[in-house]
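# Close look at the chain arrangement
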Amino acid sequence: MDNSVAAIIEMDRKARAAADEAAKKAEAILAEAGRKKEQIAGENSEKLSEEMKARMDEIRSVSDRDIAEAEKAAEEKCRLLDEKMAAGRDKWKKEITDRILDLG
C-alpha cells in the first residue's frame, strides 16, 4: 500500500509540476501576445498617421491650387473692371456733370 500511496503522491507531484509549467507557459504566451498587440497598435498608429499626413498634404495642395486659380480669376476681373472704369471715366464724368447742371 505504501507503494500505491507513494505512486499517487508522485503522480500528484508531477501533475502539479506540469500544471505549474503550463501556467508559466500560458503567462509567457499572454505577455508575448500583449507585447505584439502593443507593437501592432503602434505600427497601425504610425501607418494611420502617415496616411493622414499624406492625405492632408494632398488636400492642402489641391486647395492651394484652387485658391491660386480663384485669386487669378479675381485679379483678372479687377483688371477688366479697372480698364472699363478708365475707358469710361471721362464720358461718365461729363454725363454726371451735365445731369447736375441740367437740374439746376
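Scope of this entry: the structure provided in the associated data block. Since we're looking at a predicted model, the values are computed, not measured.

Each value, and the rule that gives it
Residues numbered from 1 in each chain as written. Predicted model: local features only at pLDDT ≥ 70, side-chain atom pairs only at ≥ 80, totals over all residues. Heavy atoms only, no water. Helix = DSSP H or I, 4+ residues; strand = E, 2+ residues; numbered from the N terminus. Buried < 20%, exposed > 50% of the residue type's maximum accessible area, 1.4 Å probe, protein only. Areas by Shrake-Rupley, 256 points an atom, 1.4 Å probe, with all protein chains shown as cover. Lys, Arg positive; Asp, Glu negative; His and termini not counted. Charge placed at Lys NZ, Arg CZ, Asp CG, Glu CD. Salt bridge = Lys/Arg side-chain N within 4 Å of Asp/Glu carboxyl O. Patch = residues over 30% accessible without salt bridge, like charges linked within 9 Å, V, L, I, M, F, W, Y side chains within 5 Å.

## Some words on the overall build of the protein chain
Across its full length, the protein chain carries one helix and zero strands. By principal-axis analysis of the C-alpha atoms, the protein chain measures approximately 140 × 25 × 10 Å. Relative to its 104 residues, the protein chain shows a buried fraction of 1%. A total accessible area of about 9800 Å² is found for the protein chain, and carbon and sulfur atoms account for 59% of it. Side chains of the protein chain give 22 positive and 26 negative charges; the mean places of these two sets differ by 3 Å.

## Description of the pattern of salt bridges
Counted according to the given criterion, the structure contains 10 salt bridges. Of the charged contacts in the structure, one is a salt bridge between Arg16 and Asp12, with a shortest N-O distance of 2.8 Å. Of this pair, Arg16 and Asp12 both sit in helix 1 (residues 2-103), four residues apart, roughly one helical turn. The class of Arg16 is exposed, set by a relative accessible area of 55%. A salt bridge links Glu95 to Arg99; the shortest N-O distance between them is 3.0 Å.

## Things to note about the environment of Ala19
Within the secondary structure, Ala19 is located in helix 1. The partly exposed category is assigned to Ala19, whose relative accessible area is 45%. Sequence separation between Ala19 and Arg60 is 41 residues; the distance between their C-alpha atoms is 60 Å.

## What about a nonpolar patch on the surface?
Taken together, the side chains of Leu81, Met85, Trp92, Ile96 and Ile100 make up a nonpolar region of the molecular surface, amounting to roughly 510 Å² of accessible area. Structurally, the position occupied by Ile100 is in helix 1.

## Things to note about the environment of Asp64
Mapping Asp64 onto the fold places it in helix 1. Asp64 gets classed as partly exposed once you look at its relative accessible area, which sits at 46%. Residues Asp64 and Lys36 lie 28 residues apart in sequence; the distance between their C-alpha atoms is 41 Å.

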